[in-house]
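Residues per chain are reported as follows:
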Amino acid sequence: MSKNKISDFVTYCENELGKETWIPLFRNLDSDDKTVDGSQYSCLSPIVGREVYMDSYGWDLSYGSGCPSIITCGDDVSYEEHTSEFLPLVYVRDFIGRNEKCNELLQELVLYLRLYNDAKNSKYVIDDDNGKEIEVIRYSKKEIVIRASFLKAFMAAKQMNLLLFFESTFHFNENFDNEEIIKKGSIRYDKYSNDSYVKGYKNFTRVVGKKLIECLGLTEQNASPVSLEEDYEEFIIEGDEHDSKSHSCDPSILADYFGGNPDSPHYLTQVFFSKDVLQRYFNASTEYEVSDSMIYKIGYWQLRIDNNSKDHVCVFLGDLGKDLPHSEQKYWKCFNIGVEDKKMSKTYFERSMLGQWSNPESPDLIFKGVFERFQNEWFKKFGWYLFLPLTDSDKHCFNTLHCLTKSEQSEFDSQVLSLVKITIDSINVKGIKAVMPSDEKKSMKLFSAFIKTKEIDFDAARFLGGLQGVRSSGVAHRRGKTYEKTINRLEIDDNDLITAFDKILDQMTELIDSLTKILE
């Protein structure tokens, strides 16, 4: 049994150590039953002199060595950042007093790889260019392991090799000797036996050695923990989905206005997508923001888009490659539709091609722009808001308000809820009563009475009452005859909810436009 344990450990060190996805920088190998004790450790070693240190016995840097220190020699005193030519990747912090000994990573490694210490989950992480978390280092009291690709990038940058030290002592009662020195290729280890120092066992065999992992040459590619080679998807630039021509969105191979790549499609070639490509971004308002002609992945990327057309989204071919990470390009490709019979909106053409100011055309963008301007101007003139600003937890209702991407009831319901919360639920009853005393408790009746005193020619009671009725009888509760009457009142066609919600947005914009007369 003991021989099998020794053989398994040696086999691991020879064939697997240093080749894993997760390379051990430190590991405690002690077993609970006291039959095995040992550890693994690591350091970076100079390239020059490898023949010497690989020929020597044991570890070239002991666990706990290599920290900064003052060196004295007679009257000469000097400071050394590292007291060894071997650079520890894990430092041992051993404190005097009550504080417990602990391990700390080489900060140069952490800083170079731009790692964040997620102490709660005992790991160091980094986000890729699309915000996906990559776990790079895992740590505990028993071990510290690092993802191989990141460690090899640091080795290439430092131009230092990696030494992986190992030592394990096996205790047993059998009588046999294990003494030999093994040197082959990039590994050297010694085996020897003696009397056991653990109670209950007669003998031990110890395996102690090291394994060399050579660093790659210093190039930008080798020193980067993530691939520098960009991948680019192809998108339809001619025809329809069934009979089409596609081309890569790689900006470096597209034609431009300076004579580059004249035989290739132009950077500004229009690519079209079904409008439900935006649903992903509307559904995650803490990560993304969709505004007029722009999508933001907060903290990572932004993409210019034409979202002023009713039936599709348009993006320039070159922008897809320049602004989107490859993983996001693959998502957009799923919604790619043909070019035939499609064109960008008048708004986007004037903005992107002519460099002109142009108002939005899409009902959601029109309403949001009009509403924000009205709110600011009303507060500036009167010192209070006619519609109370949304709380932080409700701001997503405004940020994600949008024209429907599909004629689906669930999306219609969610957008009606958002619009009602932005407007009807936010009517400033207290503010209105301060300028028009009233015993009316219902906010919509109070609001209607208020705007009548201002001679606003808009039947707010009918429209807002109908919208509230859609929310109350169809969205917030089970549908019935009341809901059927309500949608008929607002001329909502259940078979064309996209157009229906567009009309609701148009009417709400008309109401806000009417209220601006009070400001005049």
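These numbers were taken from a predicted model, which means no experiment stands behind them.

1. Structural notes on a nonpolar patch on the surface
Moving on, step 1. On the surface, Tyr257, Phe258, Phe349, Met353 and Leu354 cluster together into a nonpolar patch covering about 610 Å² of accessible area.
Moving on, step 2. Its place among the elements puts Tyr257 in the loop between β17 (244–248) and β18 (270–274).

2. Thoughts on the nonpolar core
Moving on, step 1. Counting residues in hydrophobic clusters, the biggest one holds 53 residues, and the most contacted among them are Leu105, Val136, Ile137, Ile146 and Leu162.
Moving on, step 2. Sorting elements by how many residues they give to this core places strand β12 (residues 161–172) first, with six residues.
Moving on, step 3. Sequence-distant contacts of Leu162, that is, excluding residues within four places in its chain, are made with Ile23, Ser42, Cys43, Leu44, Ser45, Leu89, Leu151, Met155, Lys211, Leu212 and Ile213.
Moving on, step 4. Grouped together as the second largest cluster of nonpolar side chains are 45 residues, Trp384, Cys403, Leu505 and Leu515 included.

3. Focus on the layout of surface pockets
Moving on, step 1. The volume enclosed by the largest pocket comes to roughly 570 Å³.
Moving on, step 2. Lining the largest pocket are 17 residues, and of these Asp128, Asp129, Asn130, Val226 and Ser227 sit closest to its centre.
Moving on, step 3. When residues of the lining of the largest pocket are assigned to their parent elements, the largest contribution, three residues, is made by helix α7 (residues 326–333).
Moving on, step 4. A class-by-class count of the residues in the lining of the largest pocket yields four nonpolar, four polar and nine charged.

4. What to know about the packing of aromatic side chains
Moving on, step 1. Scanning the entire structure with this criterion turns up 33 aromatic pairs.
Moving on, step 2. Summarising the aromatic geometry, the rings of Tyr53 and Phe86 are spaced 5.4 Å apart at their centres and angled 80 degrees between planes, so their arrangement reads as edge-to-face. Taken together, the positions of Tyr53 in helix α2 (residues 50–53) and Phe86 in the loop between β4 (76–80) and β5 (87–88) put the pair 33 residues apart, joining distant regions of the chain.
Moving on, step 3. By relative accessible area, Phe86 is classed as buried at 6%.
Moving on, step 4. Pairing Phe371 with Phe398 gives two aromatic rings, centres 6.1 Å apart and planes at 35 degrees, and the pair type is tilted.

5. Some words on the pairing of strand β10 (residues 133–139)
Moving on, step 1. In this structure, strand β9 (residues 123–127) lies alongside β10, joined through five bridges in antiparallel fashion. Bridged to Ile126 within β10 is Ile134.
Moving on, step 2. As consecutive antiparallel partners, β9 and β10 are separated by five residues, and within that stretch Gly131 has a phi angle of approximately 85 degrees, a positive value.
Moving on, step 3. Two elements, β10 and strand β11 (residues 143–147), share three bridges in a ladder whose sense is antiparallel. Each residue of the ladder has a partner; that of Ile137, found in β11, is Ile146.
Moving on, step 4. Remark: three residues form the turn of the hairpin made by β10 and β11, two consecutive strands paired antiparallel.

6. Some details on the side chain of Asp250
Moving on, step 1. Mapped onto the fold, Asp250 is located in the loop between β17 and β18.
Moving on, step 2. Among buried Asp, Glu, Lys and Arg side chains, Asp250 stands out as unpaired, with Lys322 the closest opposite charge at 12 Å.
Moving on, step 3. Of the polar contacts made by the side chain of Asp250, one reaches the side chain of Ser252; its length is 2.8 Å.

7. Points about empty space enclosed by the protein
Any empty space left between the atoms is revealed when a probe the size of a water molecule rolls over them.
Moving on, step 1. Per the counting criterion, the structure on display carries one cavity of 30 Å³ or more.
Moving on, step 2. When its volume is computed, the largest cavity comes out at roughly 80 Å³.
Moving on, step 3. Lining of the largest cavity is provided by Lys275, Leu278, Phe282, Val290, Ser291, Asn307, Asp364, Leu365, Lys368, Leu401, His402 and Cys403.
Moving on, step 4. Put simply, the parts of the chain that give the lining of the largest cavity at least two residues each are β19 (288–291) and α9 (363–382).

What counts, and at which threshold
Residues numbered from 1 in each chain as written. Predicted model: local features only at pLDDT ≥ 70, side-chain atom pairs only at ≥ 80, totals over all residues. Heavy atoms only, no water. Patch = residues over 30% accessible without salt bridge, like charges linked within 9 Å, V, L, I, M, F, W, Y side chains within 5 Å. Areas by Shrake-Rupley, 256 points an atom, 1.4 Å probe, with all protein chains shown as cover. Salt bridge = Lys/Arg side-chain N within 4 Å of Asp/Glu carboxyl O. Helix = DSSP H or I, 4+ residues; strand = E, 2+ residues; numbered from the N terminus. Core = buried A, V, L, I, M, F, W, Y, C linked by side-chain atoms within 4.5 Å. Buried < 20%, exposed > 50% of the residue type's maximum accessible area, 1.4 Å probe, protein only. Contact = heavy atoms within 4.5 Å. 1 Å grid on protein atoms, 1.4 Å probe; cavity = no way out; pocket = protein on both sides within 12 Å on 5 of 7 lines; lining within 4 Å. Points joined across faces, edges and corners; volume = space filled by probe spheres on them. Nonpolar A, V, L, I, M, F, W, Y, C, P; charged D, E, K, R; others polar. Phe/Tyr/Trp six-rings, centres within 6.5 Å; stacked < 30°, edge-to-face > 60°. Pairing = 2+ DSSP bridges. Lys, Arg positive; Asp, Glu negative; His and termini not counted. Polar contact = N/O pair within 3.5 Å; in protein donor to acceptor, adjacent residues only side chain to side chain.

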